[in-house]
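# A structural walkthrough
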Amino acid sequence: MKKVILSLASFMFFGTLLQAQTSKDFSKIDLTGRAADHLMFQIGSDSWTGKPDSVKTSGLSKHFNVYFMMDKPFKKNQHYSLAYGAGIGTSNILFNNHTKVDVRSAAATLPFTHLDSTANYFAKNKVTTIYLQVPAEIRYYSNPKNPAKSWKLAAGLKIGTLLKAYSKSKNYQNANGASIYGKGYIEKQMSKRFFNATDLSVTGRAGYGIFSIHTAYQVTGVLREGYGPVMNKFSVGFTISGL
């Protein structure tokens with residue numbers, strides 16, 4: 001909750017600062033012609049914060065999100081608006097090629113098994129989670145009449161429910177690195193049992209026109225309580241939208 005309060009306070013401060021530097025008065029302009037609904041696409045990098053040494057991630061883990069948003073300007077101050085919508089958020093966490101994440105295990109906690117140098121292994125391993133999400137933002141426009149030529153700030157929350165979770169491994173190899181079934185061989189295992197069914201995240205964005213940089217911090221843990229180490233997802237990336 002403290003992270004939410006600090007994020008909103010910072011957002012309001014910088015919005016006020018930008019507004020003070022804007023010479024035009026937009027308090028009474030007609031915004032009825034401005035589009036009220038927008039598509040928002042996000043791509044970027046994910047990491048699990050607080051992970052122990054036993055969780056050996058590797059490479060550039062990625063996310064891709066798409067949302068349909070409604071944008072409602074405030075009547076008393078049209079520099080600000082409330083936006084809300086729905087969409088899909090995906091996260092792909094990459095693991096060391098000698099790490100096996102058994103999402104279908106019957107164990108009490110999610111196993112992160114590390115294979116020794118003599119064992120067969122997959123060349124690529126990842127864990128994917130897909131959430132149906134409802135984002136909400138308070139937005140600031142330096143030029144509310146023409147968002148395409150405006151500095152923009154946004155702070156908010158998104159809440160989601162888990163649709164799918166799975167591990168995906170590719171190219172099974174022997175200890176010498178020779179492919180056993182061919183480089184295109186894939187093993188995919190699905191199970192939501194270990195993963196948090198609810199995703200509550202604090203979000204922020206800043207940019208100009210249709211481009212912005214976004215961040216998100218998952219307040220709820222990656223795994224269900226008691227089903228593995230306490231870890232939270234942190235995301236940073238690039239947004240394209242009609243915001």
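See the structure above.
Residues numbered from 1 in each chain as written. Predicted model: local features only at pLDDT ≥ 70, side-chain atom pairs only at ≥ 80, totals over all residues. Heavy atoms only, no water.

Further remarks concern the nonpolar core. Formed by 17 residues in total, the largest nonpolar core has its most connected members in Trp48, Phe95, Val101, Leu110, Phe112 and Phe195. Among the secondary structure elements, those contributing two or more residues to this core are strand 3 (80-95), strand 6 (121-141) and strand 7 (151-173). With near-sequence residues (within four places) excluded, Trp48 lies in contact with Val55, Ile93, Phe95, Phe112, Val222, Met231, Asn232 and Lys233. (Core = buried A, V, L, I, M, F, W, Y, C linked by side-chain atoms within 4.5 Å. Buried < 20%, exposed > 50% of the residue type's maximum accessible area, 1.4 Å probe, protein only. Helix = DSSP H or I, 4+ residues; strand = E, 2+ residues; numbered from the N terminus. Contact = heavy atoms within 4.5 Å.)

Structurally, Tyr84 is set in strand 3. Between the C-alpha atom of Tyr84 and that of Ile138, which follows or precedes it by 54 residues, the distance is 9.0 Å. With residues up to four places along the chain from it excluded, the contact list for Tyr84 reads Phe68, Met69, Met70, Lys72, Pro135 and Ala136.

In this section: a nonpolar patch on the surface. A cluster of nonpolar side chains, contributed by Leu39, Phe41, Ile43, Phe64, Phe68, Ile210, Phe211, Ile213, Phe234, Val236, Phe238 and Ile240, occupies part of the molecular surface with about 1000 Å² of accessible area. Sorting the residues of the nonpolar patch by element identifies strand 1 (37-49), strand 2 (62-73), strand 10 (211-218) and strand 11 (232-241) as the ones contributing at least two each. A total of four residues in the nonpolar patch trace back to one element, the largest contributor, which is strand 11. Among the residues examined, Phe64 registers a relative accessible area of 40% and is labelled partly exposed. (Patch = residues over 30% accessible without salt bridge, like charges linked within 9 Å, V, L, I, M, F, W, Y side chains within 5 Å. Areas by Shrake-Rupley, 256 points an atom, 1.4 Å probe, with all protein chains shown as cover. Salt bridge = Lys/Arg side-chain N within 4 Å of Asp/Glu carboxyl O.)

A positive phi is found at Asn171, a non-glycine position, where the angle reads about 65°. Relative accessible area serves as the criterion here: at 8%, Asn171 is assigned to the buried category.

On to empty space enclosed by the protein. The method is simple in principle: a probe with the dimensions of a water molecule rolls over the atoms, and the space it marks as empty is what remains. By the definition in use, this model includes two cavities of 30 Å³ or more. By volume, the largest cavity is sized at about 160 Å³. Lining the largest cavity are 20 residues, and of these Gln42, Asn65, Tyr67, Lys158 and Thr203 lie nearest its centre. The residue makeup of the lining of the largest cavity, split by class, is four nonpolar, eleven polar and five charged. Each pocket or cavity is described by its volume, and for the second largest cavity that value is around 90 Å³. Together, Trp48, Ser91, Ile93, Val127, Thr129, Tyr131, Phe195, Gln218, Val222 and Lys233 line the second largest cavity. Elements supplying a minimum of two residues to the lining of the second largest cavity: strand 3 and strand 6. Counting residues per element, the lining of the second largest cavity draws most heavily on strand 6, which supplies three residues. Here the residues of the lining of the second largest cavity sort into six nonpolar, three polar and one charged. (1 Å grid on protein atoms, 1.4 Å probe; cavity = no way out; pocket = protein on both sides within 12 Å on 5 of 7 lines; lining within 4 Å. Points joined across faces, edges and corners; volume = space filled by probe spheres on them. Nonpolar A, V, L, I, M, F, W, Y, C, P; charged D, E, K, R; others polar.)

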